[in-house]
Amino acid sequence: MRSAILWVNVFFIFVIQSVSNCPDICSCNVIRNRKTVTCNQGGMNLIPTQEMDKSIKVLRITASPEVPNNLTVGRIFQKFHVLEEIHITHSNVPAIGEGSFWPCQHLMVLNLSYNKITRLHYSNFIGLTNLVTLDLSNNLIYATPSAPFYHLENLNTLSLAGNILDGLVPRFFYMLSKLRKLDLSGNALSELDPDHLKDISAVKTLILRNCHLTSLHSLVYQKVSNLEVLDLRDNALYYIKPFEFQHLKRLRILRLDNNYLGDIRENTFSGHKLDLLSLSKNNIISIDSCAFCNSSVRNLDTSNNHLTLVKKSVFSPLSDSLKILNIGFNKLDHITVAEIVDPLKKLQRLSLPGMQLEELFATTFGSNRNLRYLNLSKNQLEFLSSAVLEPLTNLEELDISNNGLKELQLSTLKIINETSSLQKVYLHSNRWHCRKCNVESLLAYLNNSAFLEKLQNESLVCSEPQKLLGRKLETLYQEELETCPLHVTLSYTLMTQLHIGIVITISIFVLLLILLMLAWLFSRRHSAVYYTHENVTEEDKTKNGDFREQKSKKDMVMRFF
C-alpha cells in the first residue's frame, strides 16, 4: 500500500515538473512521454522561450488569421538541447536567420510553413545534422543560392510547395543524398533541368503539381530512376510518348490529372506495375488498344474526359490486376460499358457516374461477382432490373441516386433487402412517381427497419402527381396514393412484363413468315398450271389448227346465208 502511494506521489511530482515554467499564453502537456508546449492563441510578437522548461521536446506555435502572430526567430533555442520538433506556422516570420536553431542537434522536424520567408541560405540550418523533415511550404521564397541545404545530410523529406520559385539553380539539392520525398508543387518552374536533380537520385516521391510544366525531358526520369510516386497533376502536359516512363521501373503511383492529354498511345504504360494510375480531367478521346499491354494497374481513374469509344480489348490486359475503376463523366453508352467491364473479373469498386446512361443490360455485371462498390449516380436511368443486381452477391455499397427512377420493382427491392453484404444504398434525388402502381412496394420496404438501416441518404421525395410534389415518401399513407392513369398502367405493364411483348412480337413475325411462304407456294402452283398448258405437243397443235380452220369456214357459210 505504501509502495503504491509512493509511486502515485512520484507520478504527480513528475506531472507538476512537466508543466512548470509554462508561459501564460501557452499550454504545456506530456504527450507520448514528450514534454510539449503549444501556443495557439495568436497575438504573439515574440516567442517566450525564457519561460519554457529547457527539457521540452516539442514546440508548436500557430495562430488564426483573425488573431495573427508577428514573430521573428533568432538564436533563442540555445538551451533546448533535447528539442526534437519545432512547428512555427501562420506567424508571419520574415526570415530564418543564421544559426537560429543551433545547437539543436536532436531536432528531427522543423516546420516553418505558412510564413513570409523570402530567401534561403546554407547558414540557416547550421547544426541540424539530424534533421529528417523540413517544411518550408507556403512562404514567399523566390531566390536561393546553390546548396542551401548543405548541412542537412540526413534530410528525408523536403517541402518547398506553394512558393514563388520560377527555376532552380545548379546543385540546389547538393548534399541531400538521403532525400526520399520532394514536394515542389505550386512553383512556376515551367521546365525542369535534369542536371538539377542529379544530387537526389535516391528520391522515391516527387511531387510536381501545378508547376506549369508542358513536358519533362526523358533524362529527368533517368536522374530519378528510383521513383515510386510521381505526381504531375494540374500542369499543361499535352502529350505522353510511348514508353515515356520506361526508366521508372519502380513506379507505383502515377498521377496525371487535370492536364491537356489527348489520345493515350500504344505501350504508354508498358512494363509498369502500378497501384494507382489517375488520368482524370484531361481531354482524352480514345485509348489505343495496346496502351496497357504488358502492364498491370490496381486502381485506374479515367473519369472526366471525352471518351466516346473504348474497345473491349483496351482493358483486357488488366483483367488479372484491376480492382478499382472509375470511368465516370465520359460519353460511353451502355453497350460499351458492358464490353469494358466484362473481362474485369477481379473488379471490386466500379464508378460510372455522370455517363448519361439510360439503360443497362441485364448481363452488364455478370462477370463482376467480386464487386463491392457500385456507383451509378447522376445518370438517366428510369428503370433498374433485378437481373442487373442478381450477380452482385458481394456488393456492400450501391449508389443509384440522382437518376430518373420513377419506381423500383418488387424483385429489385427484394434483392437490395436480402443481399446480406449490402450495407449502404443511396436512392435520393430520383423522380419518384407517388402512385399505387409505382411506389406501393417501395413504401412497404420503407417500413422495414432492416431496409431503412441500409439507406444512407436524404429522404426520398415525390415528383408526381402534382398534389404530392415535394412530399417525403415515408410520410405518405396508402389512401393518399391515386391509381395510375391508363397510359401509365399500360407503360408499367409493358415494362414489368417485357418478355410477353417479346413473345407476341416473335409470334406475329412467325405468322407473317408462314403467310408469305403459303402465298409463295400458291403462286408457284398457278405458274406451274399455266406453264403446263403452254407445253403441248406438235400433234395437238396440228389438230387444234384443223379444228379452228373448219370452224372458220362454217362461220363464213352461215354469214353468207
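Basis of the calculations
Residues numbered from 1 in each chain as written. Predicted model: local features only at pLDDT ≥ 70, side-chain atom pairs only at ≥ 80, totals over all residues. Heavy atoms only, no water. Salt bridge = Lys/Arg side-chain N within 4 Å of Asp/Glu carboxyl O. Helix = DSSP H or I, 4+ residues; strand = E, 2+ residues; numbered from the N terminus. Buried < 20%, exposed > 50% of the residue type's maximum accessible area, 1.4 Å probe, protein only. pLDDT = per-residue confidence, 0-100. Contact = heavy atoms within 4.5 Å. Core = buried A, V, L, I, M, F, W, Y, C linked by side-chain atoms within 4.5 Å. Axes fitted to C-alpha atoms, helices over the stretch in contact; angles between N-to-C directions. Parallel < 35°, antiparallel > 145°, perpendicular 65-115°, else oblique. Left-handed = near helix turned anticlockwise from the far one by under 90°. Nonpolar A, V, L, I, M, F, W, Y, C, P; charged D, E, K, R; others polar.

K.L.:
Provide a residue-level description of the pattern of salt bridges, including the pertinent values.
P.N.:
Enumeration over the complete set of coordinates arrives at 15 salt bridges. One salt bridge in this structure joins Glu 85 and Arg 60, with 3.8 Å as the shortest N-O distance. Here the residue Glu 85 occupies a position in strand E4 (residues 85-88), and Arg 60 occupies one in strand E3 (residues 58-61), the gap between them amounting to 25 residues. Classification of Arg 60 by relative accessible area gives partly exposed; the value is 37%. A salt bridge links Arg 435 to Glu 482; the shortest N-O distance between them is 3.6 Å. Of this pair, Arg 435 sits in the loop between strand E19 (432-433) and helix H6 (436-446) while Glu 482 is found in the loop between strand E20 (462-464) and helix H8 (486-496), placing the two residues 47 residues apart along the sequence. Under the relative-accessibility criterion, Glu 482 is labelled partly exposed at 29%. A network of salt bridges, in which partner residues are shared, links Arg 34, Lys 57, Arg 60, Glu 84 and Glu 85.

K.L.:
Report on unusual backbone geometry, specifying residues and quantitative values.
P.N.:
For the peptide bond that leads from Trp 102 to Pro 103, omega is 5°, which places it in the cis range. Relative to the helices and strands, Pro 103 resides in the loop between E4 and strand E5 (109-111). In this structure, Phe 329 takes a positive phi of about 55° despite not being glycine. Looking at where Phe 329 falls in the secondary structure, it is placed in the loop between strand E14 (324-326) and helix H3 (334-341). The exposure class of Phe 329 is partly exposed, given its relative accessible area of 36%.

K.L.:
Please set out the confidence of the model for the protein residue by residue, giving values where relevant.
P.N.:
Summarising the model, the protein shows a mean pLDDT of 88, and 86% of its residues fall at 70 or more. In the model, residues 541-545 has pLDDT below 50 throughout and makes 1 contact with residues more than four positions away in sequence or in other chains. Counted against residues more than four places away or in other chains, residues 550-561, with its pLDDT under 50, gives 0 contacts.

K.L.:
Lay out the nonpolar core with the relevant residues and their values.
P.N.:
Residues Phe 149, Phe 292 and Leu 473 are the most contacted members of the largest nonpolar core, which totals 134 residues. Top element by residues in this core is H6. It accounts for 5 residues. Once you skip the residues sitting within four places of it in the chain, Leu 473 turns out to touch Trp 432, Cys 434, Val 439, Leu 442, Leu 443, Leu 446, Leu 460, Val 461 and Cys 462.

K.L.:
Can you explain the packing of helix H5 (residues 410-418) against H6? Please cite residues and give values.
P.N.:
To characterise two packed helices, one gives the angle between the axes of the helices and the distance between these axes. Where H5 meets H6, the axes come as close as 9 Å, and the angle between the chain directions of the two elements is 20°. Comparing the axis directions of H5 and H6 gives the class roughly parallel. Crossing angle aside, the handedness with which H5 passes H6 is right-handed. Judged by residue contacts, Leu 410, Leu 413, Lys 414 and Asn 417 of H5 engage Ser 441, Leu 442 and Tyr 445 from H6. When its residues are assigned to classes, the contact of H5 with H6 shows 4 nonpolar, 2 polar and 1 charged.

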